[in-house]
Amino acid sequence: MASARMHDSGSGEPRLRVAYQGVSGAYSEAAAQKAYPNSEAVPCDQFETAFEVNFSSSCCFLYWDLPFLFDCSVNSLGGSIHRNYDLLLRHRLHIVGEINYAVRHCLLANRGVKVEQLKRVLSHPQALAQCEYTLTRFGLVREAVDDTAGAAKYVALSKLEDTGAVASSAAAAIYDLDILAEDIQDDSDNVTRFLMLGREAITPDTDRPFKTSIVFSLEEGPGVLYKALQIFAKEQINLTKIESRPWRRSSLRSPGDNANGLQKCFHYMFYVDFEASMASDNAQNALKALDELATSLRVLGSYPADTTII
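Residues numbered from 1 in each chain as written. Predicted model: local features only at pLDDT ≥ 70, side-chain atom pairs only at ≥ 80, totals over all residues. Heavy atoms only, no water.

Undergrad: What should I look at first to understand the pattern of salt bridges in this one?
TA: Across all of its chains, the model carries nine salt bridges by this definition. Among the ionic pairs, arginine 111 bridges to aspartate 176, the shortest N-O distance being 2.8 Å. You can see arginine 111 sitting in the loop between β6 (106-109) and β7 (120-123) and its partner aspartate 176 sitting in the loop between α7 (169-174) and β10 (178-182), a full 65 residues away along the chain. Overall, arginine 111 belongs to the exposed group, its relative accessible area being 52%. Arginine 111 serves as the salt-bridge partner of aspartate 178, at 2.4 Å between the closest nitrogen and oxygen. Taken together, the residues aspartate 178 in strand β10 and arginine 111 in the loop between β6 and β7 connect sequence positions 67 residues apart. Look at the salt bridges and you will find they share partners, linking Glu98, Arg193, Lys211, Lys241 and Asp273 into a network. (Salt bridge = Lys/Arg side-chain N within 4 Å of Asp/Glu carboxyl O. Helix = DSSP H or I, 4+ residues; strand = E, 2+ residues; numbered from the N terminus. Buried < 20%, exposed > 50% of the residue type's maximum accessible area, 1.4 Å probe, protein only.)

Undergrad: Looking at this structure, I do not really get the packing of aromatic side chains. What am I missing?
TA: Think of a pair of aromatic rings as described by two things: how far the centres are apart, and how the planes are tilted against each other in angle. Counting across every chain of the model gives two aromatic pairs. Here phenylalanine 232 and phenylalanine 274 contribute two aromatic rings whose centre-to-centre distance is 5.3 Å and whose plane-to-plane angle is 45 degrees, an arrangement assigned as tilted. Placement of the pair is phenylalanine 232 in helix α8 (residues 224-234) and phenylalanine 274 in strand β14 (residues 267-274), with a sequence separation of 42 residues. (Phe/Tyr/Trp six-rings, centres within 6.5 Å; stacked < 30°, edge-to-face > 60°.)

Undergrad: Sorry if this is basic, but what is going on with the sheet that holds β6 here?
TA: Across the sheet, five strands lie side by side as β8-β7-β9-β6-β10; this open sheet has mixed pairing. Looking along the sheet, the strands with just one partner apiece sit at the ends: β8 (141-144) and β10. Here the average twist between neighbouring strands, direction ignored, is 30 degrees. One ladder, built from three bridges, connects β7 with strand β9 (residues 163-167); its direction is parallel. What sits directly across from arginine 120, in β9, is threonine 163. (Pairing = 2+ DSSP bridges. Axes fitted to C-alpha atoms, helices over the stretch in contact; angles between N-to-C directions.)

Rendered as structure tokens:
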């Protein structure tokens, strides 16, 4: 989700407009309302569109990062949304907060349609993965679309009788669909993490729990990643996520390769979240040591940790 400009709400007070990927009824819209209760949620068709919103310096941006289960940044079933990693590298935005949102999936269909009539189901690939066992039990063919609420809207507008959607109960109400089954996610503890991004970084402090997100690259070689992670252990810093992503910038040749050798087509970036504020001495020490080892290092943000789930 992303937030855009401030505008006058009619009461003389500026109102934050928060852009999110999807259409009305998306989980990201609900997360935006949790993060900014008095904001205006603005839908964007694609994550890329949301990232390219013309930000003002006083606004922040909310986007769907990685589904995760409590203490890790990956959903227990669905995994990561990888293209957002690439977008973070391409846009100079800062993570300024996170939102944990409990996702409760429903199987939706047009009024009067029964489960037995359905042949296929549409939804975001993450939602389909999170409901794999249930949808298999129903015998439904799964088809991926851009977002959950968009699937519900399409089923409703097309008046489909053989196709359902996996989406929220809010989407069912908005698009006048029946809820054929509730809480169909395979894991009852299905929590998605959303990140808030802003043009300006916030000033971290140490008076409450903070997280810091970074991305770095390393030289190729045995034990190099181990040395990087050992830095955090030495400073008694707990890592909550580490994930690698290939960065398709150029074709890299390993030392010693000849003309007939294999080329490295990807340069790997490592994304790490850790439990510490940039204002703390241990985080500063760790980043200083990592900077000496890494070929590149960027702090994506240091922000208050969300300790609630709704």
